[in-house]
Every structure is written in structure tokens, then in C-alpha cells.
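# What the coordinates show
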Amino acid sequence: KPELNGEAVKILSFDRGSGRWLCEVKSSGEKLKFKALNIVETEPSAADEGGGRQEEQQVEWLCRGVHAVVHSHPEIPEQIVRVLKVDVDGLCKCVGRASGEQLEVPRTNLRPMAG
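Residues numbered from 1 in each chain as written. Predicted model: local features only at pLDDT ≥ 70, side-chain atom pairs only at ≥ 80, totals over all residues. Heavy atoms only, no water.

### Some remarks on the sheet that holds strand β6 (residues 91–96)
Strands in a sheet are paired, the pairing made by backbone hydrogen bonds, and the direction either parallel or antiparallel. Our working rule: Pairing between strands requires that DSSP locate at least two bridges from one strand to the other. Segments assigned H or I by DSSP are reported as helices when at least four residues long, segments assigned E as strands when at least two residues long, and all are numbered from the N terminus. Note on definitions: angles span 0 to 180 degrees between N-to-C directions of axes, and those axes are lines fitted to C-alpha atoms, for helices only across the stretch in contact.
An order of β7-β6-β5-β4-β8 is seen for the five strands of this open sheet, with the pairing classed as antiparallel. In this open sheet, the two edge strands, each paired with only one partner strand, are β7 (102–106) and β8 (110–112). When the angles between neighbouring strand axes are averaged without regard to direction, this sheet yields 50°. Bridge count between strand β5 (residues 80–86) and β6: five bridges; the pairing is antiparallel. Of the residues in β6, the one forming a bridge with Lys 85 is Lys 93.

### Concerning the nonpolar core
Just so we agree on the cut-off: The definition of a nonpolar core used throughout is a set of buried Ala, Val, Leu, Ile, Met, Phe, Trp, Tyr and Cys residues joined through side-chain atoms within 4.5 Å. Burial here depends on accessible area, computed with a 1.4 Å probe over protein chains only, as a share of the maximum for the residue type. Under 20% is buried, over 50% is exposed, and the range in between is partly exposed. Throughout, a residue-residue contact means that at least one pair of heavy atoms, one from each residue, lies within 4.5 Å.
Leu 62, Ala 68, Val 70, Ile 76, Val 81, Val 83, Cys 92, Cys 94, Leu 103, Val 105 and Leu 110 form the largest nonpolar core, which has eleven residues in total. Only β4 (67–70), β5, β6 and β7 provide two or more residues apiece to this core. Not counting residues within four places of it along the chain, the set of residues in contact with Val 70 comprises Ile 76, Pro 77, Glu 78, Gln 79, Val 81, Val 105, Asn 109 and Leu 110.

### Comments concerning the sheet that holds strand β1 (residues 9–15)
The strand order β1-β2-β3 describes an open sheet built from three strands, whose pairing is antiparallel. Edge positions in the sheet fall to β1 and β3 (31–34), since each has one partner strand and no second. For this sheet, the mean inter-axis angle between neighbouring strands, taken without regard to orientation, is 30°. When strand β2 (residues 20–25) meets β3, the two strands line up antiparallel, connected through four bridges. Across the sheet, Glu 24 pairs through a bridge with Lys 31, a residue of β3.

### With respect to the environment of Glu 101
Mapped onto the secondary structure, Glu 101 falls in the loop between β6 and β7. According to the relative accessible area criterion, Glu 101 is partly exposed, its value standing at 45%. Residue contacts for Glu 101: discarding those within four places in its chain leaves Cys 94, Val 95 and Gly 96.

### A look at unusual backbone geometry
Phi at Ser 72 takes a positive value of approximately 55°, unusual for a residue other than glycine. By the secondary structure assignment, Ser 72 is in the loop between β4 and β5. Of note, Glu 78 is a non-glycine position whose phi angle comes to about 55°, a positive value. Tracing the sequence through the fold places Glu 78 in the loop between β4 and β5.

These figures come from the coordinates and say nothing about function on their own.
Listed below in C-alpha cells is the structure:
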């Protein structure tokens, strides 16, 4: 979309199926997928340096096959799960390690296991 040239975006995740980056257009909030060659890195603004970096680091570890602990979730407190799939919409398909039950957990409710 040529009308998006020069627009700032926030990169959310990489979609392996399409080979494109899921990004949020900062001016509109619209979520679109872009080829890597259509994205140019710029110096972060003061607003970008605030809380966004910590959020990126928190989800960087989250991928298929890792074990995680569910936290701050009323229905599945402190349960250890194995991640089966991380969706671009923020939901993670997991399996409970103790029960074998399949679960969907928001990525914000998962933390890495210590050690």
C-alpha cells in the first residue's frame, strides 16, 4: 500500500506461514502484514523507549515447545504448561503438564519457568 510509505509501525510478531511481519500502524491502530523489504528501521522516539521494550523482551522467549507458568489467570493459577502454538492475536495454545488438558492462555498470562 503506497499510502503507508513513511508511516510509523510497531512490529508485533513474525508470521512464518506468510513470511511477513505483523505490524500495527501507529496512526490508525490497523494491524497489517508486511514483507521485510518494505520495513525500514528508524531511531526510536522518546515515547517508544518507555514501556515497549520491556514488553518485547517478555514475549521474545515465548515460542512453540517451551514450558511456561500461567500467572494472574483465575481459572488456571500457577499451572505449568507446554506451549503448542503462539497466535498473532495474543492467544497461546498450550497443554497442561500435569493434566494433559489443552488450554488457551493469553500470552500476557504466561511467564518463563525459572532455571
